Amino acid sequence: MGQDPIIIIVRTIGEIFAFIAILRFLLQAVKADYYNPISQAVVKITQVPMAPLQKMGLRIRGLDFSPLLLAFFVKVLTFALIFLYLGAGFPLPSIAIFSVVGVISNILTILFWATIGSVIISWVAPGNPHPAPQILLQLTEPLYALVRKVVPPIGGLDLSPIVILLGIQLIQSQLARFLV
């Protein structure tokens, strides 16, 4: 028993674009290297749909929230297309809730996998100059620094990735009931 291919395609395209928009927000939030090729690709992919949203001036303390708004709109459109395709009408309050929770869940998922990736990179190839490991380290280091203030390294062992992974899993388990 598989899902309808149309739903799979619409959902996949929507999720990928929302992922890229959220990644743009996160890269900006951690002040990742703008000249990294991955950062440049993310900016180029999202620039056209971001232009009208950036004119709205959704900045708080120098942080542009328009990528999150774009991700929210992409998720709303994705859910709306799926609900309409299934003939389930257009339950806007439900779609809005699914979309907000979906954006939060995607942020946590990106941070989860970035944490795992940065841990693996720190074991296998520390100091690797490739753009991907650099982005992963730039995404996770602010979180590590925040956790290290509460849980300092013990005997040279940094426990901050474990705390972050457990925290993300705890939050995602609570969000799971709101996801479709």
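Preceding this section is the structure that the text describes.
Residues numbered from 1 in each chain as written. Predicted model: local features only at pLDDT ≥ 70, side-chain atom pairs only at ≥ 80, totals over all residues. Heavy atoms only, no water.

J.: When you look at the nonpolar core in this model, what are you seeing that I'm missing?
T.: Note that soluble globular proteins tend to have their nonpolar side chains buried in a common cluster. Membership of the largest hydrophobic core comes to 39 residues, with the highest contact counts inside it found for Ile-22, Leu-26, Leu-27, Val-103, Ile-107 and Leu-139. Those elements giving two or more residues to this core turn out to be helix H1 (5-29), helix H2 (37-54), helix H3 (66-86), helix H4 (92-124), helix H5 (131-150) and helix H6 (160-175). When residues in this core are grouped by element, the largest group, 10 residues, is from H4. (Core = buried A, V, L, I, M, F, W, Y, C linked by side-chain atoms within 4.5 Å. Buried < 20%, exposed > 50% of the residue type's maximum accessible area, 1.4 Å probe, protein only. Helix = DSSP H or I, 4+ residues; strand = E, 2+ residues; numbered from the N terminus.)

J.: I keep staring at the packing of H4 against H6 and nothing clicks. Help me out?
T.: When two helices pack together, their arrangement is given by the angle between their axes and by how far apart the axes lie. Contact geometry for H4 and H6: axes closest at 10 Å, N-to-C directions at 155 degrees. Taken as axis vectors, H4 and H6 run roughly antiparallel relative to one another. Crossing geometry of H4 relative to H6 is assigned as left-handed. Facing H4, whose interface residues are Val-101, Ile-104, Ser-105, Leu-108, Thr-109, Leu-111, Phe-112, Thr-115, Ile-116 and Val-119, H6 presents Pro-161, Ile-164, Leu-165, Ile-168, Gln-169, Ile-171, Gln-172 and Leu-175. Taken together, the residues of the contact of H4 with H6 sort by class into 13 nonpolar, five polar and no charged. (Axes fitted to C-alpha atoms, helices over the stretch in contact; angles between N-to-C directions. Parallel < 35°, antiparallel > 145°, perpendicular 65-115°, else oblique. Left-handed = near helix turned anticlockwise from the far one by under 90°. Contact = heavy atoms within 4.5 Å. Nonpolar A, V, L, I, M, F, W, Y, C, P; charged D, E, K, R; others polar.)

J.: So what exactly am I meant to see when it comes to the side chain of Lys-75 here?
T.: In this structure, Lys-75 sits in helix H3. On the accessibility criterion, Lys-75 (3% relative accessible area) is buried. The contact partners of Lys-75, leaving out residues within four places of it in the chain, are Glu-15, Ala-18, Ser-99, Gly-102, Val-103 and Asn-106.

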